[in-house]
Structure formats: structure tokens, C-alpha cells
Amino acid sequence: MSHVYVDFGAVRIQQYLTRTAGLRGHRAASNTLAWATTDDVIREVVNDLAEINTDAGEADGVVSLRIPVEAGTDTAELIRRLQDSVFAHLRTALPGAEFHSMWGEGDSYLTVYAQVLEPKVRRGEVRRDLPPTAEFPLAVPCRMCHTDPAVGTEPLPDEPKALCLDCSMRNVSRRQIMADDHSPEGRLRSALGLKPAPNDFAELAALGGAQSGRNHLATVSVDGNAFGVFFKALAEEADADANAQWGKAAISRSLSEATRTALANATLELPLTTEHERLCVVPHVVGGDDVLVSLPADQAWAFTLTFLREFGRLVHEKTAAILDELNASRAKRAGLPALRAPTASAGVVFAHARYPLNLLVESAGRCLSEAKKEFGGRQASVQWLDITADGTDAPKHKPLALSALWDAGGMETRAAAALSGLAKVGASHRARLTEALRGSGPLTAAAIAHRVGHLDAVQPFLSPFDQPEQPPETGIELGAALGLARWWPCA
Ligand SMILES: [Zn+2]
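Calculation notes
Just so you know, the residues in each chain are numbered from 1, in the order the chain's sequence is written. Predicted model: local features are reported for residues with pLDDT of at least 70 only, side-chain atom pairs are reported and counted for 80 or more only, and whole-chain, interface and lining totals are derived from all residues. Excluded from the side-chain calculation are hydrogens and water; included are all heavy atoms of the structure. Here a helix means four or more residues in a row that DSSP labels H or I, a strand means two or more in a row labelled E, and each is numbered from the N terminus. Three labels apply to residues, based on accessible area from a 1.4 Å probe with only protein chains included: buried if under 20% of the type maximum, exposed if over 50%, partly exposed otherwise in between. By definition in these notes, contact holds between two residues if any of their heavy atoms fall within 4.5 Å. The convention is simple: Lys and Arg are positive, Asp and Glu are negative, and His and the chain ends are not counted. Charge positions are represented by NZ for Lys, CZ for Arg, CG for Asp and CD for Glu. Each metal's donors comprise the N, O and S atoms found within 2.8 Å of it (within 3.2 Å for Na, K or Ca). Water is not part of the atom list, so some coordination spheres may appear incomplete. Geometry is assigned from donor-metal-donor angles: four donors are tetrahedral when every angle falls between 85 and 135 degrees, four are square planar and six octahedral when opposite donors sit over 155 degrees apart with all other angles between 65 and 115, and any other arrangement is irregular. Pairing between strands is defined by DSSP: at least two bridges between them are needed. Definitions used throughout: a 1 Å grid over protein atoms alone; a cavity as a set of points that fits a 1.4 Å probe which cannot get out; a pocket as an open set with protein on both sides within 12 Å along at least five of seven lines; a lining residue as one with an atom within 4 Å of a point. Grid points are joined across faces, edges and corners, and a volume is the space filled by probe spheres set on the points. How far each domain reaches was decided by an automatic or database domain assignment. Defined in terms of a 1.4 Å probe, buried area is the accessible area two parts forfeit on being brought together, summed over both. Definition used for salt bridges: Asp or Glu carboxyl oxygen within 4 Å of a side-chain nitrogen of Lys or Arg. Residues are grouped as follows: Ala, Val, Leu, Ile, Met, Phe, Trp, Tyr, Cys and Pro are nonpolar; Asp, Glu, Lys and Arg are charged; every other residue, Gly included, is polar. To obtain each axis, a line is fitted to C-alpha atoms, and for helices this fit is confined to the stretch in contact; angles are then taken between N-to-C directions over 0 to 180 degrees. In what follows, roughly perpendicular refers to angles from 65 to 115 degrees, roughly parallel to angles under 35, roughly antiparallel to angles over 145, and oblique to any angle outside these ranges. By convention, the crossing between two helices is left-handed when the near helix turns anticlockwise from the far helix through less than a right angle, and right-handed when the turn is clockwise.

## Observations regarding the overall build of the protein
Piece 1. For the protein, the helix and strand inventory stands at 20 helices and 13 strands.
Piece 2. Evaluated residue by residue, the protein yields a buried proportion of 53% over its 491 residues.
Piece 3. Excluding contacts between residues fewer than 6 apart, the proportion of contacts in the protein whose partners are at least 24 apart in sequence is 70%.
Piece 4. Distance from the positive charge centre (49 side chains) to the negative charge centre (60 side chains) of the protein: 4 Å.

Here it is as C-alpha cells:
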């Protein structure tokens, strides 16, 4: 039986969620977005027009439907009606968001996704649904987002304010959200059985250790590497060999499960989680292979590295059998090189807890792109920016491969151990070294380190004295190492 697959997605979802200041509004929008795209709600919306496509996997802000069809049926009118009703539902729930929809027909979702839906998105051949433009352009602007015109006055904790439709939806208390919580934060909390995360960003930052100053947060944006290439290759081989099974129906679903499990494991393994028995990570969006979270700055490296490692391990596990068959078929059919299991990369940005999340999301996205680009999306990698220490300019250091810090056997590398050593050096000494390095270079920094007795901690990040053109033994330059050490766990 052939199916028409109709997908819907929220566009620039991270920017949309963070268009109001403060965690309160993000939480409400994140909860509504997750609720509006749950299977039960969508089933009511579409009635008997379509069924839920269970092969697509779970992702906030994404709806995947399918309609069984006989070959040659004209489905244009049916697809249009289906899109109209889903768009109308999403628009009511999330007045300020932007959505798109695309469709394609075929025997399996994987093939339709790789060969029709994904190329359509890339070429912009989608049906869009945009927020309506203001009827009265001169109306007072909304006091919460300063983006859309206000439509009415709403009670707020301090005073009543004129709000737009989208901000009225966001104007709910934490208690109201927790009573019916579909958000990625609520799901993570109940999956792990932890007490709720703090109320706002300042309280979240205050959970950090004494040395952190308890006022800095990290924003971590993670995204899968080269999943498109993997899906496309799988679809091609499946087309070439109609008998191939390879569990391809469930592949998209098992990858979105890997994302959720990696998030849960990385959160659970944080020292802070054990110490407080409460959620110390606030996920804003959890998609199929992407995650955006805020957490105390001194937990960021432990979280990010564990997430990337766990995601890689889980995806490897879930795809090992499929990859064996896929690679054998590629080699036999067309002499194509073997594909490896997809991984994920991360962008990490450190800033004061008061720094606006929408700007952090942009910076984290840029770091993420740099990390992916540096390694061609072929291995797990990370790029970071410390806004407090280095400003908002693009980072001057190179992104790091995860393999520079964890080896294939899951053991800490020499570089990671050396970073722990450098992190144990007092913060004021590290600040002096950074200053010396910027002023007169690595030799001066080394001389200072020698004088105060920290040369051992610095040496692994210096080129050999007689071969200054050689990279340091750890592969990490002193400037980058000092930046990493600032928030590196030094237990
Ligand atoms: Zn507004």
C-alpha cells in the first residue's frame, strides 16, 4: 500500500521560543509547542483525514501524518484540507510562530523523506503558514516581546500589561504549566524522578559551585551530524534491493530515542543532579536529533561531553546491524565507500545569567556550525565561546574533536587530564597567564608559570621549546586551554 506522507514543522523554533525575555515565557511556549504536536491532540485535529505516521519518531514542533492511497488517486484537495486544519490548530495554539508543510507519496517514509520531503525543504518548495500581519499597524506594541501589536491587557505579576496574542499564551504561571506539563523539561524531570528545576535563570545559575561565582550559565546547542547523508544512502540501497529489510521503518524513531536517552543520561550523570536531587538542566527544545539546553556554567563540559559520547554510543548500537548490510550492499552494487554511524556536535556559550537567551541561541548556533564545518560533520566535535571573558566576537580557537578528550574506549585522554590539571591552578594565576599570552606570547606565559610553580600544568599546551612550529603534545594551544579551564570540572 502506498501512502501520501504530509509533514509539518515549526520554522526557526529556537528563535521563536526565545523571543520573550525570561524563562517564564519560554517555558510556556515550549510546553504549548510540545502539547500542540502530541499524537493525541493531532488525532483529534485531523479526525479521519489522515493517520499519525509512527515511523517518523518524536520531535517537539513536528507533526508527521500519512494517508493511505490507491495509485493514481488525485489527492491534492485532500492534502490541502489536511494542511488547512493542522495549520489552523497550530496557529491558534502558537499565534506568533511560523510553520511549513510538505508532502510526498511512496511506499516507505524513509524513502519519501530522503528523496522528496528533505529536498523540498532545502529548495523551499513548502507551503508556509505565517502569523497574520497586524490589522492596525499603529496599535501599541506588546510589552513582553516588543515584536507584535498588543491585542489586550493582561494581568502580570507586577502590573497589568498590554500583550500580543502570542504573549497572552505565554502569560501562565509555573503552577499552571506543571499541572499539565508536556514540555521537554517536564518530560525529563518525570523520566528521572527529580524535583523541578529552579524558577528562573538567576536561581539556575545559583546552583553552581562556590568557585563559579553562581551567576553564570551555559547555553548548549547540540545537533546530529550528517543524518541526511545516512538517510539518503539507506533509501538508495533500499530502492536498489526491494528485499532488504534493515529495520529502516523504525530508524528515524530509534534515532530520536537516542537523543532523548542521551539527554537523560547526561543530566543524570551531572555531579549537581546527585547533590541536589533536582533537575539542574533546562531543555528548551528537544527535536529528532537536536537539543537546546541552559544549565549552570560549571556543569557545561560534563554535560556536553557526556551527551556527545552517549549519543554516539546509542546511535552506533542502534545502527550497527543496518550499517553492516548497507555498507555491504553499497560496496557490491556500486563500489561505494563504507559509511560510519552518524554522531552529533555541540556549540557551547558561557555568559552571565542575565544575558538574553535569544542572543545566546544565535551564538551557540554559530559555534555549532563552526564545530560541524571544522570536521566536515564526520566526527563528534564542539566549539565554545565565553562571552564574559572574550566578548561576542567569533572564537579565535579551533573547534575540538570529542576524540581529543575521550578515546574510543571511553577513557579520558591525556589532554583531558591536562585540562583538569590546569583547572586546579588558581583562577587569578590563569587570568595572569591569559594576559601574558595575549600581551607578549607563550614564552612569557611559560616564564610566569615557571616562576609561580605551575609550569607542569601549562607545559602540555605549549609547543616544544626547540620546535615552536610544532603543535603542543595535547593538540590544544595554551589560549584555548586557558579558556576551557575556566569552566572545566576540577574535582
Ligand atoms: Zn508579545
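## Quick word on the coordination of the zinc ion
Piece 1. At the metal site, the zinc ion is ligated by Cys 142 (SG), Cys 145 (SG), Cys 164 (SG) and Cys 167 (SG), and these contacts range over 2.3 Å.
Piece 2. Around the zinc ion sit 4 donor atoms; with metal-centred angles ranging over 104 to 114 degrees, the donor geometry is tetrahedral.
Piece 3. Along the chain, the residues that donate to the zinc ion are spaced as C-x2-C-x18-C-x2-C. Taken together, the residues Cys 142 in the loop between strand E5 (127-129) and strand E6 (152-154) and Cys 167 in helix H6 (residues 165-170) connect sequence positions 25 residues apart.
Piece 4. Relative accessible area serves as the criterion here: at 1%, Cys 142 is assigned to the buried category.

## Description of the pairing of strand E8 (residues 216-224)
Piece 1. Within E8, 8 of the 9 residues are buried, leaving the element largely enclosed by the surrounding structure.
Piece 2. Relative to strand E11 (residues 344-352), E8 runs antiparallel, the two being bridged by 9 bridges. Each bridged residue has a counterpart across the sheet, and for Ser 221 the counterpart in E11 is Gly 347.
Piece 3. For E8 and strand E10 (residues 290-296), the ladder comprises 7 bridges, and the chain directions are antiparallel. Pairing of Leu 217 across the sheet is with Pro 296, part of E10.

## A few points about empty space enclosed by the protein
Using a probe with the size of a water molecule, rolled over the atoms, empty space left in the structure can be pinpointed.
Piece 1. Using the criterion set out here, one finds 3 cavities of 30 Å³ or more in the structure.
Piece 2. Roughly 80 Å³ of volume is contained in the largest cavity.
Piece 3. What lines the largest cavity is Arg 27, Arg 174, Ile 177, Met 178, Asp 181, Ser 183, Glu 185, Gly 186, Arg 189, Pro 196, Ala 197 and Leu 279.

## Considerations on the domain arrangement of the protein
Piece 1. Domain boundaries assigned for the protein yield domain 1 (2-129), domain 2 (184-411) and domain 3 (420-486).
Piece 2. Facing 8 residues of domain 2, the contacting portion of domain 3 comprises 6 residues.
Piece 3. Buried area between domain 2 and domain 3, summed over both chains or domains, comes out near 590 Å², and the portion from carbon and sulfur atoms is 61%.
Piece 4. There are 3 salt bridges connecting domain 2 and domain 3.
Piece 5. Counting residues per element, the ones that place at least two in the side of domain 2 that touches domain 3 are strand E12 (381-386) and helix H15 (387-390).
Piece 6. Broken down by class, the residue content of the side of domain 2 that touches domain 3 amounts to 5 nonpolar, 1 polar and 2 charged.

## Details of the sheet that holds E5
Piece 1. Strand order in this open sheet of 5 strands is E2-E3-E1-E4-E5, and the pairing throughout is antiparallel. Edge strands, defined here as strands with exactly one partner in the open sheet, are strand E2 (51-52) and E5.
Piece 2. In this structure, E2 lies alongside strand E3 (residues 62-69), joined through 2 bridges in antiparallel fashion. Bridging across to E3, Glu 51 finds its partner in Arg 66.
Piece 3. Running over the sheet, helix H4 (residues 76-93) touches strand E1 (2-11), E3, strand E4 (98-106) and E5 and is turned about 150 degrees from E4.

## As for unusual backbone geometry
Piece 1. Here the phi dihedral of Arg 12 falls at roughly 45 degrees; this positive angle occurs in a residue that is not glycine.
Piece 2. Summarising the element assignment, Arg 12 is placed in the loop between E1 and helix H1 (13-17).
Piece 3. For Arg 12, a relative accessible area of 52% translates into the label exposed.
Piece 4. With phi around 50 degrees, Glu 277 is a residue other than glycine that occupies positive phi space.
Piece 5. Along the chain, the position of Glu 277 falls in the loop between helix H12 (271-276) and strand E9 (282-286).

## A few points about the packing of helix H3 (residues 39-46) against H4
When two helices pack together, their arrangement is given by the angle between the helix axes and the distance between those axes.
Piece 1. Running from amino to carboxyl end, H3 crosses H4 at an angle of 130 degrees, the nearest separation of the two axes being 9 Å. Viewed along their axes, H3 and H4 adopt a mutual orientation that is oblique. The way H3 lies across H4 gives a crossing that is right-handed. Side by side, H3 and H4 meet where Val 41, Ile 42, Val 45 and Val 46 of the first sit next to Leu 82, Ser 85, Val 86 and His 89 of the second.
Piece 2. Of the residues belonging to the contact of H3 with H4, the class tally is 6 nonpolar, 2 polar and no charged.

## A short note on the sheet that holds E10
Piece 1. Spatially, 6 strands are ordered E9-E10-E8-E11-E12-E13 in an open sheet, and the strand pairing comes out mixed. The sheet terminates laterally at E9 and strand E13 (400-401), the two strands that pair on one side only.
Piece 2. Where E12 and E13 come together, 2 bridges link them in antiparallel fashion. Bridge assignment links Ser 381 to a residue of E13, and that residue is Ala 401.

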